[in-house]
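A closer look at the structure
So you can see what is in the structure, the chains are spelled out below.
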Amino acid sequence: MKMKSIKNCVKYFGFAMALGAVCLLGAWYFSGTSEAETANTEAESAAGGAAIDGWKAADKDKEYMYCVASVSKIYSTAAVMRLAEQGKVELDGPVTDYLPEFKMADPRYKNITVRMLMDHTSGLMGSSVKGEFLYADDDSYHQDELLKTLSTQRLKADPGKYASYCNDGFDLLGIITERVSGLTFADYIKKYLMTTTGGDSTETGFTVSGNENLVPGYTPDHTLHENGLAMAIGAGGVFSTASDVAKFGSGFFYGNNALFSDFYKKAMSKRWDDNRDEFADGCGLGWDSVEENGFRDAGVEVLGKGGDDGLNHSYLLVSPDEKISVSVLTNGGSSALNGLVAQAILKACLEEKGISVSEESKDTPKIVNEIPKKYDAYAGSYIVASETGEVIDRISFPDHKYMHVEEIGPVNTTCSDYALTSDERFTELAYEVSDSGINDIRLAVNPQSVSFTDAANGKVLLNGMKVNSFPEIGSYEDKSYVGEKMEENPVSEEVLSSWQAMNGAELCMTGDVYSSCMYDTASANVILPEEYPGYVFVVNGMGTRLLKIADKENLVAFQTIPSSRSRDLVDAKIVVVDNEMRIQLSNGSEFIPANDLPVFDGTQKEISLSSDRAKWYQIGDAVKNSEVQIAKRPEKSAVYVYNKFGEVVYSSHVVGITDVVPMPEGGKIVFLGETGGSVAIK
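My aim in this report is to walk through the structure given alongside it, one point at a time. What you see is a predicted model; the values in this text were computed from it and never measured.

Here we come to the packing of helix α5 (residues 141-151) against helix α6 (residues 167-181). Between α5 and α6, the least distance of the axes is 11 Å, while the angle of their chain directions is 115°. Relative to α6, α5 is oriented so that their crossing is left-handed. Counting all contacts with α5, which are made through H142, Q143, L146, L147 and L150, the residues of α6 involved are D168, D171, L172, I175 and E178. Here the contact of α5 with α6 is composed, by residue class, of five nonpolar, two polar and three charged.

Our next topic: unusual backbone geometry. Positioned with a positive phi, R276 is a non-glycine residue whose angle comes to about 50°. Residue placement: R276 occurs in the loop between α10 (262-268) and β10 (303-309). By relative accessible area, R276 is classed as partly exposed at 46%. With a phi angle near 55°, D399 is a residue other than glycine that sits in the positive phi range. Take D399: it is sitting in the loop between β14 (389-396) and β15 (403-408). Taking relative accessible area as the criterion, D399 reaches 66% and is therefore assigned exposed.

Across the eight residues of β14, six count as buried, placing the element largely inside the fold. Two elements, strand β13 (residues 380-386) and β14, share seven bridges in a ladder whose sense is antiparallel. From the neighbouring strand, Y382 faces β14, where its bridge partner is D393. Between β13 and the antiparallel strand that follows it, β14, lie two residues. Pairing between β14 and β15: five bridges, direction antiparallel. Residue D393 lies in a different strand from β15, and its bridge partner there is E407. Counting the residues in the hairpin turn of β14 and β15 gives six residues, including D399, whose phi is positive at 55°.

Bringing helix α13 (residues 493-500) into the picture now. Buried residues of α13: V495, L496 and W499, and no others. Summarising the axial view, the buried residues of α13 lie within an arc of 95°, below the 170-degree limit, and thus occupy one face. Seen from the open side of α13, the exposed residues pointing more than 90 degrees away from its buried face are E493 and E494. Buried residues along α13 sit against β24 (543-549), β25 (554-556) and β26 (572-577).

Turning to the packing of aromatic side chains, a few remarks are in order. Inspection of the entire model under this criterion finds 24 aromatic pairs. Judged by centre distance (6.1 Å) and plane angle (55°), the rings of Y375 and Y378 are tilted. Residues Y375 and Y378 agree in their burial class; the two are buried. Through a chain of ring-to-ring contacts, the aromatic side chains of Y375, Y378, Y382, F397, F426 and F452 assemble into a single cluster. The positively charged end of K73 is found above the aromatic ring belonging to F170, 5.6 Å away from the centroid. When the ring centre of Y254 is taken as reference, the NZ or CZ atom of K266 above it lies at 3.9 Å.

Across the sheet, which stays open at both edges, the three strands sit in the order β3-β9-β5 with antiparallel pairing between neighbours. Across the chains shown, the open sheet's two edge strands, defined by having one partner strand only, are β3 (66-67) and β5 (202-204). In the sheet, β3 pairs with strand β9 (residues 238-240) via two bridges, with the strands oriented antiparallel. In the sheet register, C67 faces β9, and the bridge partner there is F239.

Time to look at the sheet that holds strand β32 (residues 626-632). What the four strands build is an open sheet, ordered β30-β37-β32-β35; its pairing is antiparallel. Looking at strand neighbours, the two that pair on one side only are β30 (606-608) and β35 (660-663), the edges of this open sheet. Between one strand axis and the next, the sheet turns through 35° on average, direction left out of account. Relative to β35, β32 runs antiparallel, the two being bridged by four bridges. Residue pairing for β35: V628 is matched across the bridge by V661.

Within the element layout of this structure, R82 appears in helix α3 (residues 72-85). Nearest to the buried, unbridged R82 among oppositely charged side chains is E85, at 6.1 Å. Dropping the residues within four chain positions of it, R82 is found in contact with Y188, Y192, A258, L259 and F260.

Conventions and cut-offs
Residues numbered from 1 in each chain as written. Predicted model: local features only at pLDDT ≥ 70, side-chain atom pairs only at ≥ 80, totals over all residues. Heavy atoms only, no water. Axes fitted to C-alpha atoms, helices over the stretch in contact; angles between N-to-C directions. Helix = DSSP H or I, 4+ residues; strand = E, 2+ residues; numbered from the N terminus. Left-handed = near helix turned anticlockwise from the far one by under 90°. Contact = heavy atoms within 4.5 Å. Nonpolar A, V, L, I, M, F, W, Y, C, P; charged D, E, K, R; others polar. Buried < 20%, exposed > 50% of the residue type's maximum accessible area, 1.4 Å probe, protein only. Pairing = 2+ DSSP bridges. Arc of directions from axis to C-beta. Phe/Tyr/Trp six-rings, centres within 6.5 Å; stacked < 30°, edge-to-face > 60°. Lys NZ or Arg CZ within 6 Å of the ring centre and 35° of its normal. Lys, Arg positive; Asp, Glu negative; His and termini not counted. Salt bridge = Lys/Arg side-chain N within 4 Å of Asp/Glu carboxyl O.

Take a look at the structure:
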């Protein structure tokens, strides 16, 4: 490849880096089969070699290592595909053939196949989170507890019914790799995936701790934390450099048998559903996308996989026929933006080959002035899921002139209006009709569009479509089933009143290991939407979930949206542990009521630690707006302080933090550590 094209791509790197206050970026591409060309010249120096606040890789000739997050799923898929080619794993065989101890509280689990783990159609709820992300701690707790956590869960759908993003499935693939091969996952990918593709700087959460070339853990406000380790190894626990990831991607070039034969590569690149439902997930085996618009129209097959893990974000883009592999890794930003950078690089590479890729232009639809009465059947309330959580959309069609949407969340309600357009979609308006008047309605700039589908199971689904555009970098289309019409959930007054007694209650996380990054967002709330008796919002650091009341002790997820908008569903139940009430989520999270916390008043001089119970205190009036000093703290322990809004104002995981701890009025302090240890306070 000529250097000119890569130089032209540097502006995209700069754009991505500008999106965060601190954003380190590594980007690399390979073009070729055996002796692959690399862009390890001026462009790499300008992008991957960037340094912030004096930080750079310990060896100037080496790259930073990043957590590649969910790009790890391609590694775990490739590992099992290699074993399948050797006849050691049957893709359509049940998971229980390889993990006989895998059991669930749902008999349908016996029908989950290895292939279903790879294409997200297993029906598993989503992500088990205990011990999943840890600060500077390579504890195996997450992997050790995974099968136990799954044994208490039900399935959200029949295996094979629809694709919905699922981390736990890929953790199971990692365990299958270890059981069948007799090697650790780290050793297997090094020996059979990286050595064969030329990589020498790839580790996992179990083996990377202390590596001096790990990218520093800066937050957007320039605070440096201990490095976060992803311990969900098969789903997101691979750490690597941009060049190693690109080299690994070259193993998927057709005609290159470094990983396995083209037969298995083509199996990975086949979309999971033959009917190509435009609103369903478009994933293959491991890959998020196997049919990239624009590239497909140019006759170029492109496979893509992104990942996000705390501060690290990644994207791998491979064109198997054109033999181009692009890797973009950042500390800061997002995988979506990394994907656009990767596409820009790929387009530049293709242009060198005489292949032009252009974005599809679409005509602006015209507004329809009268909404047909057939749409009255779609009026009502919908559970709508986004990346940040679930809300209730109440939809109506005032005077059959426009669609009015009230978005009801756990805290407030917002409104927006949509016009029916000539493409039979409802397209977002720039202003609410109540503000602009019906005679002056106009479409929003870069609007969202929605439509309705009558599903075969009798459900009414809400479909969403939006083109997300970024100047000078590109755009991508987000099209998915996003919502499902709700039904009333009548419950007795006795059951309802028991949950109403918890309405607005604040909860505090407990039960996770001391190093868990989950304590960065440790509070949760239970909120009952007044107009929807029988339903409960549960809000925590993982987002907002709308659950259905089952009885006095149980809440259940009820949505069946056939897409990744149904990812990471949870049920909730109230239990009593050692005379203490806890709310347990099916993903492994546990919470205790904040109103039962003891008061920290400065008289406590030693706090005994417990592995399975966080030691929470309310900050009392005697010490409010002052400071206390920690005299001694075990190595395997942590201290957090939160203000009255639940925001972290002190964390012992911050590099260079002092032992002087602030005591904000109305705040809380929590002590975490292993049983037998204690924290001494002056």
